[in-house]
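Breakdown of the fold
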Amino acid sequence: MVIRIAYIFRPNYERTFFFLEAGFTPANPNFSKVADQYKEQFEIVLNNAVILGNGVISPDVVNSGEIVTDYTLRSEQMTENFTGIDINKSITRLERELQGSMNPMISPSLVAQVKKLNTQTIPLLEGLIDFKTQVLNNVLSCKMFTVNYPLLIEHILREAKMYLSHICSLENGESIDDNIKDIELFWDQIMLEHALFIRGLLDPTEIDLINTSNDFAQDYADLLQSARNATDMTIEGITDVTLAQTMKYRDFKAAGTEGIAECKIRSIILPLLGDHVLREANHFIRLLQQFSKE
């Protein structure tokens, strides 16, 4: 269901518009406006998904920390204060009250509403992909400056394309997240890039945190190479190692998110970005745990 997908990718698609918008300069007000419009449209999608998903989604998803963490609401409020960009925090409050079910009642009406949500979301994603591609091309051709790394724009563009692929697969009756090698190849790269972003956004005086971030980047580069070389017979052992590493990484991100919120870490990292990467680590952990139990 798109309900599940909207939750999984909440940090990627609803909030990446925010990070894009915050990164534009006064020289590109039209791009800021478009990013804000996408943010508002996907807030509607997310709000509908939360309403439809309450009592329907898996308890594992609810409890994973990929939807909302203890830091999310505070991070949103602080980031809104810092940037002056509105964030719909009522959605986060709804998410905090979500209930899961192992045996949900899936009515024909719910199926129809989810299909409608899918149908509405696909063209939004296609437009978003075009927009992010335009921004990336402008940056790489020196026609535009943003405070976002080109790699970060590539990062969120890659996530948008996967989101679209997942929704299209669901609409075609195909399964998703059922190939652990593909999952690890994608998310190892995402985790690696998170470490690079964190390293580059920390103040130069935060030497210990910079070194730790660099170590995590190398760890995930190694895991990525191991996943590429894995066979069906060897991938299980790599999954166990990846799970253990990602749980350590999750703890590092959680401590960083808390430190940023409490103004104990010198950086130019927005509080919501810290929470964003934490939720993605939680999502990856849940996927890995599904396969490690098998």
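Look above for the structure.
A brief look at the structure comes next. (Residues numbered from 1 in each chain as written. Predicted model: local features only at pLDDT ≥ 70, side-chain atom pairs only at ≥ 80, totals over all residues. Heavy atoms only, no water.)

Section: the nonpolar core
Rules: Residues belong to a common nonpolar core when they are buried Ala, Val, Leu, Ile, Met, Phe, Trp, Tyr or Cys residues joined through side-chain atoms within 4.5 Å. Relative accessibility under 20% of the residue-type maximum defines a buried residue, over 50% an exposed one, and the middle range a partly exposed one, all with a 1.4 Å probe and only protein chains included. A helix here means a DSSP run of H or I that spans at least four residues, while a strand means a run of E at least two residues long, and both kinds are numbered starting from the N terminus.
In this structure, I183, W187, M191, Y220, Y249, I269 and F284 are the most contacted members of the largest nonpolar core, which totals 39 residues. Those elements giving two or more residues to this core turn out to be α3 (16-23), α10 (180-201), α11 (207-229), α12 (235-261) and α13 (271-292). Ranked by the residues each element gives to this core, the list is headed by α10, at 10 residues.

Here we look at the packing of α10 against α13
Keep this limit in mind: For helices, the fitted axis covers only the stretch in contact; all axes are lines through C-alpha atoms, and the angles between them, taken along N-to-C directions, range from 0 to 180 degrees. Working rule for angles: under 35 degrees goes down as roughly parallel, over 145 as roughly antiparallel, 65 to 115 as roughly perpendicular, anything else as oblique. With the far helix as reference, a near helix turned anticlockwise by less than a right angle produces a left-handed crossing, and one turned clockwise produces a right-handed crossing. Two residues form a contact once any of their heavy atoms are found within 4.5 Å. Residues are grouped as follows: Ala, Val, Leu, Ile, Met, Phe, Trp, Tyr, Cys and Pro are nonpolar; Asp, Glu, Lys and Arg are charged; all remaining types, including Gly, are polar.
Packing of α10 against α13 brings their axes to within 11 Å, and their N-to-C directions diverge by 155°. The angle between the axes of α10 and α13 places the two elements in the roughly antiparallel class. Judged by the twist between their axes, the crossing of α10 over α13 is left-handed. On the side of α10, the interface is formed by I180, I183, E184, W187, D188, I190, M191, H194 and L201, while α13 contributes L273, V277, E280, A281, H283, F284, L287, L288 and F291. Here the residues of the contact of α10 with α13 are counted per class, giving 13 nonpolar, two polar and three charged.

Describing the pattern of salt bridges
The following threshold applies: Salt bridges are identified by distance alone: a Lys or Arg side-chain nitrogen within 4 Å of an Asp or Glu carboxyl oxygen.
Taken as a whole, this structure holds eight salt bridges when the rule is applied. Here E171 and K115 are joined by a salt bridge, their closest N and O atoms 2.9 Å apart. Within this pair, whereas E171 is found in helix α9 (residues 150-171), its partner K115 is found in helix α8 (residues 108-140), the two being separated by 56 residues in sequence. Using a relative accessible area of 46% as the deciding quantity, one classes K115 as partly exposed. Note that D275 is salt-bridged to R279, the shortest N-O span being 2.7 Å. With D275 and R279 both in helix α13 and four residues apart, the pair spans about one turn of that helix. No difference in accessibility class separates D275 from R279, as the two residues are buried.

Some thoughts on the environment of L224
Within the secondary structure, L224 sits in helix α11. Contacts of L224, omitting those with residues within four sequence positions, involve E184, L185, D188 and Q189.

A closer look at the packing of aromatic side chains
Here a ring pair, both rings aromatic, is described through the centre-centre distance and the interplanar angle of the planes. This is how the line gets drawn: Between the rings of Phe, Tyr and Trp (Trp by its six-membered ring), a pair exists once the centres lie within 6.5 Å; its type follows the angle of the planes, with under 30 degrees stacked, over 60 edge-to-face, and the other angles tilted.
Across all of its chains, the model carries 12 aromatic pairs by this definition. Their ring planes at 15° and their centres at 6.5 Å tell us that Y249 and F252 sit as a pair that is stacked. A residue pair is termed a helical-turn pair when its members lie 3 or 4 positions apart in one helix, as Y249 and F252 do in helix α12 at three residues. You can call Y249 buried: its relative accessible area is 0%. You can call F252 buried: its relative accessible area is 17%. A connected cluster of aromatic rings, assembled from ring pairs, spans F24, F31, Y38 and F131.

Worth remembering: the numbers are spatial, not functional.
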